[in-house]
Amino acid sequence: MSRIAYVNGRYLPHHDASVHVEDRGYQFADGVYEVCEVWNGHLVDERRHLDRLERSLRELRIAEPMGRAALSLVLREVVRRNGVRDGLVYLQVTRGVARRDHVFPPLGTAPSLVVTARRADRAAQEKVAQQGVAVITVPENRWPRVDIKSISLLPNVLAKQQAKEAGAREAWFVDAQGFVTEGGSTNAWIVTRAGRIVTRPAELGILRGITRTVVMEVARALGLEVEERPFTVAEAAAAQEAFITAATTVVMPVVVLDGRPVGDGKPGPVAVALRLKFHDFAEIA
Ligand code: PLP
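Residues numbered from 1 in each chain as written. Predicted model: local features only at pLDDT ≥ 70, side-chain atom pairs only at ≥ 80, totals over all residues. Heavy atoms only, no water.

**Some points on the domain arrangement of the chain**
To keep things clear, this is the line we draw: Note that domain bounds follow an automatic or database assignment of domains. For this analysis, residues touch if any pair of their heavy atoms sits within 4.5 Å. Buried area is a sum: the accessible area each of two parts loses on coming together, probed at 1.4 Å, counted once for each and added. Criterion for a salt bridge: a side-chain nitrogen of Lys or Arg within 4 Å of a carboxyl oxygen of Asp or Glu. Counted as a polar contact is a pair of N or O atoms within 3.5 Å, where, for protein atoms, one must be capable of donating a hydrogen and the other of accepting one, and residues adjacent in sequence contribute only when both atoms are in side chains. For helices the rule is a DSSP run of H or I covering at least 4 residues; for strands it is a run of E covering at least 2, with both sets numbered from the N terminus onward. Three classes are used, and their members are as follows: Ala, Val, Leu, Ile, Met, Phe, Trp, Tyr, Cys and Pro are nonpolar, Asp, Glu, Lys and Arg are charged, and the others, Gly among them, are polar.
Taken domain by domain, the chain comprises domain 1 (4–120) and domain 2 (125–281). The gap between the C-alpha centroids of domain 1 and domain 2 is 26 Å. Contact residues are listed per partner, giving 24 residues for domain 1 and 22 residues for domain 2. If you sort the residues of domain 1 by the area they bury against domain 2, Tyr33, Arg48 and Arg52 come out on top, with a joint share of 34%. One can count three salt bridges joining domain 1 with domain 2. Glu59 serves as the salt-bridge partner of Arg145, at 2.9 Å between the closest nitrogen and oxygen. Where domain 1 touches domain 2, the interface holds nine residue pairs in polar contact (both at pLDDT 80 or more). Going through the elements one at a time, strand 3 (31–39), helix 2 (46–60) and strand 5 (87–94) are the ones with two or more residues in the side of domain 1 that touches domain 2. When grouped by side-chain class, the residues that make up the side of domain 1 that touches domain 2 number 10 nonpolar, six polar and eight charged.

**Digging into the site of the ligand**
We count it as follows: By convention in these notes, a residue is near a molecule or strand provided one of its non-hydrogen atoms lies within 4 Å of it. Here the accessible surface of atoms and residues is derived via Shrake-Rupley with a 1.4 Å probe, and residues count as covered only by protein chains that are part of the display.
Around the ligand, the structure places 18 residues, and the nearest of them are Arg52, Lys149, Glu182, Ile210 and Thr211. Side-chain polar atom of Thr211 to an oxygen atom of the ligand: 2.6 Å apart, as the coordinates give it. When the ligand sits alone it has 390 Å² of accessible area, and the protein chains cover 94% of it. Of all the elements in the fold, those that place two or more residues in the shell around the ligand are helix 2, strand 9 (180–183), helix 6 (210–221) and strand 13 (241–246). Classifying every residue of the shell around the ligand gives five nonpolar, nine polar and four charged. Residue-level mapping places the shell around the ligand at the junction of two domains, with at least three residues from each of domain 1 (4–120) and domain 2 (125–281).

**Topic: the packing of helix 2 against helix 6**
Inclusion rule: Where helices are involved, their axes are fitted lines through C-alpha atoms of the stretch in contact, as for all axes, and angles between N-to-C directions lie from 0 to 180°. Every angle not falling under 35 degrees, over 145, or within 65 to 115 is termed oblique; those three ranges are roughly parallel, roughly antiparallel and roughly perpendicular. Two helices crossing with the near one rotated counterclockwise from the far one by less than a right angle form a left-handed crossing, whereas a clockwise rotation gives a right-handed crossing.
Interaxial distance between helix 2 and helix 6 falls to 10 Å at its minimum, and their mutual angle equals 135°. By the angle between their directions, the pair helix 2 and helix 6 is classed as oblique. Relative to helix 6, helix 2 is oriented so that their crossing is right-handed. Residues Arg48, His49 and Arg52 of helix 2 touch helix 6, and the partners they reach there are Ile210, Thr213, Val214 and Glu217. Of the residues contributing to the contact of helix 2 with helix 6, the split by class is two nonpolar, two polar and three charged.

**Side note on the pairing of strand 8 (residues 170–174)**
What counts here: Only protein chains enter the accessibility calculation, which uses a 1.4 Å probe; a residue is then buried when its area is under 20% of its type maximum, exposed when over 50%, and partly exposed in between. Strands pair, by our definition, only if DSSP identifies at least two bridges between them. Seen with the strands pointing away from the viewer, any crossover whose path from the first strand over the helix to the second strand runs clockwise is right-handed.
Burial analysis of strand 8 places five of its five residues in the buried class, the great majority of the element. Burial along strand 8 is two-sided: Glu170, Trp172 and Val174 facing one way and Ala171 and Phe173 facing the other are all buried. As defined by bridge partners, strand 7 (residues 133–139) adjoins strand 8 across five bridges and the pair is classed as parallel. Across the sheet, the residue bridging to Pro139 is Val174, located in strand 8. Regarding the hand of the β-α-β motif, the stretch spanning strand 7, helix 5 (residues 154–165) and strand 8 is right-handed. Linking strand 8 to strand 9, which pair antiparallel, is a turn of five residues; within it Gly178 sits at a positive phi near 90°.

**Quick look at the nonpolar core**
The following threshold applies: Nonpolar core, defined: a set of buried Ala, Val, Leu, Ile, Met, Phe, Trp, Tyr and Cys residues in which side-chain atoms within 4.5 Å join the residues together.
Core analysis: the largest hydrophobic core is formed by 23 residues, its most contacted members being Leu53, Val89, Leu91, Val93 and Val115. Breaking this core down by element, the ones donating at least two residues are strand 3, helix 2, helix 3 (68–81), strand 5 and strand 6 (112–119). Top contributing element to this core by residue count: helix 3, with five residues. Those residues in contact with Leu53 that sit more than four places away from it in its chain are Val32, Glu34, Leu71, Leu91 and Val93.

**A few points about the side chain of Thr211**
On the secondary structure map, Thr211 appears in helix 6. Contact partners of Thr211, with chain neighbours within four places excluded, come to Thr245, Ala246, Ala247, Val250 and Phe278.

**So, a nonpolar patch on the surface**
Counted only if it meets this: Like charges are joined within 9 Å and nonpolar side chains (Val, Leu, Ile, Met, Phe, Trp, Tyr) within 5 Å, but only among residues with over 30% relative accessible area and no salt bridge; these make up the patches.
A cluster of nonpolar side chains, Leu154, Val157 and Leu158, forms an exposed patch at the surface whose accessible area comes to about 310 Å². Within the secondary structure, Val157 is located in helix 5.

**Quick word on the pairing of strand 7**
Counting buried positions along strand 7 gives five out of seven residues, so the element sits mostly inside the fold. Here three bridges tie strand 7 to strand 14 (residues 250–257), and the two strands are oriented parallel to one another. Bridging across to strand 14, Val135 finds its partner in Leu257.

In C-alpha cells:
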C-alpha cells in the first residue's frame, strides 16, 4: 500500500506531498505538532493530544486550522488510507505561507496543516523494550517554553544524534542545577531504591507528556507512589530503575546511563508493569 499524506485539504501520494518554500514552518520553525500512537487500528489518547495541540496553538497565537471534529476525521482518514494498524499519526500546524518576514503574517493567513501516518514494527519494539535502552546526559540548552510542542527542535536533534553516536537511544537534558529535565523526545523517570517513582513536575521546564499523564494513573492504580520532583543525574545513576515515556515508545526501560548500568542493568519490574498495563488506562477510540 503506497503512503498518503494530508496537505492543506488534499490527500496526496507521499512523494508528492510538499508545502510552499515560504511556509513559516520551513522558514522559521513557526509551528507546532503532535504525535499520536495508533494501536490495533485505534488512536490512543486523541482527546488529550488535541487538547495539548489547542494549548500549543493558543500559546503561540496560531489559528486552529479546522475544528476538532474535522481534524479528528482527517487523522482517522490518514490512518485508514495508509492501512496503519499499529504505528503513529503525525500532525503539524504552522502559521501558514507568507512573504518572509519575522513578524506575524497578515491577519487571515491560513495556517498550514500536514498529517502523515506510518506503521511501526511492534515485535521489534517489544524486543527493544525487553532489552532496555541506553541514555546519555547533555546540558540543557533549549528555550524556556518547552511546554509548547513546537516544531523548533534543533537542540533535540543535536542531542539525539549525540546519543546515537554514543550508542544510546536517548539524551537526557540536565539543567544548570544538575537536575534532569527530560529526554530529546521523551519524559524521564527513575524508581528509587525505596521503590518510589520520581519524575519532574510538568510545570518545570518539560513538555507535559500525554504518556506521562497516563503512566501516573497506571502507577497509582498499581499502588505505586509517584513523586513529582526534580532528580539529579547522581540520583538516577544510583536508582533501582529508570525509564522514558512517549507516545512513540510508551514506557521504555533505561538500563544504561552515561555508560554505566542502572540498577542491575536489566529492565526493572516497575517499568515492565507500567508498559504492560499502559493500554488498559489510555483512552482508545
Ligand atoms: N518530551 C519531549 C521533548 C517530547 O518531544 C515528547 C514527545 O514527543 C515527550 C516529552 C513525550 O510526550 P508524549 O508522551 O505526549 O508523547
